[in-house]
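# Fold and geometry: a report
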Amino acid sequence: SVVKRSPVARAFARALPCLLATLWVAAPLAPARAASDSASFGMLVSQYLSESEARDPLFAGSIGVHTYDDKLPDLSPSGVEASYRWERAWRARFAELSAERLSAGERADRQALLDSIDADLLESTTVRPYNTDPGIYTGAIGDAVYQLTGRDYAPLEQRLGDVAKRLPGIPDHVRAAEASLTHP
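Overview of the structure. (Residues numbered from 1 in each chain as written. Predicted model: local features only at pLDDT ≥ 70, side-chain atom pairs only at ≥ 80, totals over all residues. Heavy atoms only, no water.)

### Overview of the overall build of the protein
- What the protein contains, in helices and strands, is nine helices and zero strands.
- Traced from its N-terminal end to its C-terminal end, the protein shows the element sequence α-α-α-α-α-α-α-α-α.
- In the protein, which comprises 184 residues, the proportion classed as buried is 40%.
- For the protein, the share of sequence-separated contacts (at least 6 apart) that also reach a separation of at least 24 residues comes to 72%.
- On the protein, roughly 9,500 Å² of surface is accessible, and the fraction owed to carbon and sulfur atoms is 61%. (Helix = DSSP H or I, 4+ residues; strand = E, 2+ residues; numbered from the N terminus. Buried < 20%, exposed > 50% of the residue type's maximum accessible area, 1.4 Å probe, protein only. Contact = heavy atoms within 4.5 Å. Areas by Shrake-Rupley, 256 points an atom, 1.4 Å probe, with all protein chains shown as cover.)

### Observations concerning the packing of aromatic side chains
- Counted under the stated rule, the structure contains eight aromatic pairs.
- Here the aromatic rings of Y48 and W86 are separated by 5.3 Å at their centres, their planes lie at 10°, and the arrangement is stacked. Here Y48, found in helix α2 (residues 35–55), pairs with W86, found in helix α4 (residues 77–95); they are 38 residues apart in sequence, far enough to count as distant. Neither Y48 nor W86 differs from the other in exposure class; each is buried. (Phe/Tyr/Trp six-rings, centres within 6.5 Å; stacked < 30°, edge-to-face > 60°.)

### As for helix α8 (residues 156–166)
- Of all the residues in α8, the buried ones are R159, D162, V163 and R166. Buried residues along α8 cover an arc of 105° about the axis, so they all sit on one side. For α8, the exposed residues lying more than 90 degrees away from the buried face are E157 and K165.
- Where α8 is buried, its residues meet α3 (57–62), α7 (134–149) and α9 (170–180). (Arc of directions from axis to C-beta.)

### Let's talk about the packing of α7 against α8
- Packing of α7 against α8 leaves a shortest axis separation of 9 Å and a crossing angle of 170°. Relative to α8, the element α7 lies roughly antiparallel. Between α7 and α8, the residues in contact are D143, A144, V145, Q147, L148 and T149 and R159, L160, D162, V163 and R166, respectively. (Axes fitted to C-alpha atoms, helices over the stretch in contact; angles between N-to-C directions. Parallel < 35°, antiparallel > 145°, perpendicular 65-115°, else oblique.)

### Here's the deal with the nonpolar core
- Ranked by size, the top nonpolar core spans 26 residues in total, and within it F41, Y48, W90, F94, Y130 and Y137 carry the most contacts.
- Listing elements by their share of this core, those giving two or more residues are α2, α4, α5 (104–126), α7 and α9.
- The biggest single contributor to this core is α4, with five residues.
- Not counting chain neighbours up to four residues away, the residues in contact with W90 comprise L44, Q47, Y48, E51 and I117. (Core = buried A, V, L, I, M, F, W, Y, C linked by side-chain atoms within 4.5 Å.)

### A short note on the packing of α7 against α9
- It is at 9 Å that the axes of α7 and α9 come closest, and there the two elements cross at 170°. By the angle class used here, α7 and α9 are roughly antiparallel. When α7 is examined against α9, the residues Y137, A140, I141 and A144 are found in contact with a partner set consisting of I170, H173, V174, A176, A177 and S180.
- Class assignment for the residues of the contact of α7 with α9 results in eight nonpolar, two polar and no charged. (Nonpolar A, V, L, I, M, F, W, Y, C, P; charged D, E, K, R; others polar.)

And the structure:
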């Protein structure tokens, strides 16, 4: 999902980059017989992370990826539904991988990815955060500016330029909240 997650989903999201970094460090240590499966899994994970960052620039910024600092996530009802469709598609891709052909570390990473996606999809149908939690929208608005001004990762002029590019998207977040919140 985009922006705000349950405590369980946030814990997975915080742990996931560490698990995936471990995968990249440990991949050369995997047995030679699994090299092609490891490469395929590694490429899938890399693609998943790249797409995750592009789909949710606030997530990307929170993990230190500043490629999308001039953009905001699509929190509109259609954008949120598109994110859930995207997650279901990725879940299917990871689930169809043969666990037996992956190393132990890759199996653990695959399961962590599946669990994270499952938690997010379960939350989407039970808690329905985009329909019930106004903090998702107000948090995204605050993070749109704070992530760029609260850390000194680039020259101030560049960061303020990205803030200026994000500001026109703020009314879209307000409209998304108005369209989505049914029981705040």
